[in-house]
Amino acid sequence: MSINMLTSVAEIAKNVKETLSDAEGGHDWYHIERVWKNALNIHQHEKKGDLYVIQLAALLHDIADAKFYEGDEAIGPATARIIMTKHQVPEKVKEEVIRIIENMSYRSSFSEHSYTSVELDIVRDADRLDAIGAIGIARAFNYGGFKNRPLYDPNIEPVEILSKESYVKNTGPTINHFFEKLLKLKDLMKTEKGKELAIKRHEYMCDFLEQLYTEVR
Ligand code: ADP
Ligand code: NI
């Protein structure tokens, strides 16, 4: 990467950190930093993909998540564009980063997939790793608390999520989110390193659930 690229990555990171200073705990700067590190780690093993695009997508992927903006799916890409323009990111890179952000979320995996790239696979795996394991458990319950969802309610069964609408509308207990989404992520990983790292985190969640059900039943 050139000096210009390095400077713009560092400056954009700073900008993201400031923008997310009031964010929900699971989608704050430290989530972004973990995803950034995971993405660099995966890239190092894959030896594929443009590192500039990967880093900008990792940094900007949750800059304005629709679920915190009444479902507005345009605000994330638009905010990312404004930041990249401010930091003179070349047009071609900007478009690639935007396309990754638009296609990265679990929500968007229910839409017809028109876009795939090595960079998308790497950043999405990096984000999904942060949704599982010990950190994934912490984030899920924090999000549930933020939304005032019950932790656990034996009268509400997990639902099978087959569409974006049912995923977004779902207000079930946080524990159900494990069965509805988090336990599925391991098998959705695209990169070799992502798959490898997901196994241990997945097992940790299974142990947690086993212990939890032993305690509450
Ligand atoms: P999406 O919003 O597309 O699911 P995210 O990757 O932003 O994608 O979701 C991130 C994290 O937010 C989840 O991994 C989880 O920790 C938390 N989260 C989202 N929805 C729920 C939910 N219904 N219950 C608990 N946690 C949730
Ligand atoms: Ni994320």
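This text gives an overview of the structure that appears in the document.

Cut-offs and rules
Sequence positions are assigned chain by chain, starting from 1 and proceeding in written order. Naming scheme: in the order in which they are written, chains are lettered from A and ligands are numbered from 1. Reporting in this predicted model follows two pLDDT cut-offs: at least 70 for local features of residues, and 80 or more for side-chain atom pairs to be given and counted; totals over whole chains, interfaces and linings ignore these cut-offs and use all residues. The basis for the side-chain values is all heavy atoms of the structure; hydrogens and waters are excluded. Donor selection uses N, O and S atoms within 2.8 Å of the metal (3.2 Å for Na, K and Ca). Since no water is included, sites may look incomplete. Four donors are marked tetrahedral only if all angles between them lie between 85 and 135 degrees, whereas four are marked square planar and six octahedral if opposite donors are more than 155 degrees apart and the other angles lie between 65 and 115; the remainder are marked irregular. Here a strand is any run of E in DSSP of at least two residues, a helix any run of H or I of at least four, and the numbering for each starts at the N terminus. Relative accessibility under 20% of the residue-type maximum defines a buried residue, over 50% an exposed one, and the middle range a partly exposed one, all with a 1.4 Å probe and only protein chains included. Here an axis means a line fitted to C-alpha atoms, over the contact stretch when the element is a helix, while the angle between two N-to-C directions is reported on a 0 to 180 degree scale. For this classification, under 35 degrees means roughly parallel, over 145 means roughly antiparallel, 65 to 115 means roughly perpendicular, and everything else is oblique. Helix crossings are classified by the rotation of the near helix relative to the far one: an anticlockwise turn of less than a right angle makes the crossing left-handed, while a clockwise turn makes it right-handed. In this description, contact between two residues means that some pair of their heavy atoms is separated by no more than 4.5 Å. In this classification, Asp, Glu, Lys and Arg are treated as charged, Ala, Val, Leu, Ile, Met, Phe, Trp, Tyr, Cys and Pro as nonpolar, and every other residue, Gly included, as polar. Cavities and pockets were defined on a 1 Å grid built over protein atoms only: a cavity is a set of grid points that admits a 1.4 Å probe from which the probe cannot escape, a pocket is an open set flanked by protein on both sides within 12 Å along at least five of seven lines, and lining residues are those with an atom within 4 Å of any such point. Grid points are joined across faces, edges and corners, and a volume is the space filled by probe spheres set on the points. Polar contacts here mean pairs of N or O atoms no more than 3.5 Å apart (in protein, one a potential hydrogen donor and the other a potential acceptor; neighbouring residues in sequence count only if both atoms are side-chain atoms). Ring pairs are drawn from Phe, Tyr and Trp, using the six-membered ring of Trp, whenever the two centres fall within 6.5 Å, and their geometry is named by plane angle: stacked under 30 degrees, edge-to-face over 60, tilted for the rest. The near set for a molecule or strand comprises every residue that places at least one heavy atom within 4 Å of it. All accessible-area figures derive from a Shrake-Rupley calculation using a 1.4 Å probe, and residue coverage is judged against the displayed protein chains alone.

**Let's talk about the coordination of the nickel ion (ligand 2)**
Next, step 1: Protein-derived coordination of the nickel ion (ligand 2) comes from His31 (NE2), His61 (NE2), Asp62 (OD) and Asp127 (OD), at a distance range of 2.1 to 2.2 Å.
Next, step 2: Metal-centred angles of 83 to 175 degrees between the 4 donor atoms at the nickel ion (ligand 2) mark the site as irregular.
Next, step 3: In the primary structure, the donors to the nickel ion (ligand 2) are separated according to the pattern H-x29-H-D-x64-D. Placement of histidine 31 in helix α2 (residues 29-46) and of aspartate 62 in the loop between α3 (51-60) and α4 (75-86) is noted, with a sequence separation of 31 residues between them. Residues histidine 31 and aspartate 62 agree in their burial class; the two are buried.

**Some remarks on the packing of α3 against helix α5 (residues 91-104)**
Next, step 1: Viewed as axis vectors pointing N to C, α3 and α5 meet at an angle of 50 degrees, and their least axial separation amounts to 9 Å. Judged by the angle between their axes, α3 and α5 are oblique. As α3 runs across α5, the sense of the crossing is right-handed. Where α3 abuts α5, its residues Tyr52, Val53, Leu56, Ala57 and Leu60 lie against Val93, Glu96, Val97, Ile100 and Ile101.
Next, step 2: A class-by-class count of the residues in the contact of α3 with α5 yields 9 nonpolar, no polar and 1 charged.

**Observations concerning the layout of surface pockets**
Next, step 1: Computed from the structure, the second largest pocket encloses a volume of approximately 190 Å³.
Next, step 2: Lining of the second largest pocket is provided by Thr19, Leu20, Ala23, Glu24, His27, Asp62, Ile63, Ala64, Asp65, Phe68, Tyr69 and Phe146.
Next, step 3: In the lining of the second largest pocket, the residues fall into 7 nonpolar, 2 polar and 3 charged.

**Some details on α3**
Next, step 1: By the criterion of burial, α3 is predominantly enclosed, with 9 of the 10 residues buried.
Next, step 2: Restricting attention to buried positions, one finds in α3 the residues Tyr52, Val53, Ile54, Gln55, Leu56, Ala57, Ala58, Leu59 and Leu60.
Next, step 3: Against the buried residues of α3 lie α1 (3-19), α2, α4, α5 and α6 (118-129).
Next, step 4: For α3, the N-terminal cap is aspartate 50; the gap from its side-chain oxygen to the backbone nitrogen of tyrosine 52 is 2.8 Å.

**As for the packing of aromatic side chains**
Next, step 1: All told, the structure shown has 11 aromatic pairs when counted by the stated rule.
Next, step 2: Residues tyrosine 152 and tyrosine 213 carry aromatic rings whose centres are separated by 6.2 Å and whose planes lie at 65 degrees to one another, so their mutual orientation is edge-to-face. A residue pair is termed long-range when its members are at least 10 positions apart, and tyrosine 152 in the loop between α7 (133-146) and α8 (164-169) and tyrosine 213 in helix α10 (residues 192-216) qualify at 61 residues.
Next, step 3: Within the aromatic cluster, the residues linked to one another by ring pairs are Phe68, Tyr143 and Phe146.

**Some points on the site of ligand 1**
Next, step 1: Close contacts around ligand 1 come from 17 residues, with Lys67, Tyr106, Arg149, Tyr167 and Lys181 the closest.
Next, step 2: Between ligand 1 and alanine 140 there is a distance of 3.5 Å, counted from an oxygen atom to a backbone nitrogen or oxygen.
Next, step 3: One of the side-chain nitrogen or oxygen atoms of lysine 181 is found 2.9 Å away from an oxygen atom of ligand 1.
Next, step 4: Its free accessible area being 540 Å², ligand 1 has 94% of it covered by the protein chains.
Next, step 5: For the shell around ligand 1, the elements supplying multiple residues, two or more each, are α7 and α9 (174-180).
Next, step 6: When residues of the shell around ligand 1 are assigned to their parent elements, the largest contribution, 3 residues, is made by α7.
Next, step 7: Of the residues in the shell around ligand 1, the class split is 6 nonpolar, 4 polar and 7 charged.

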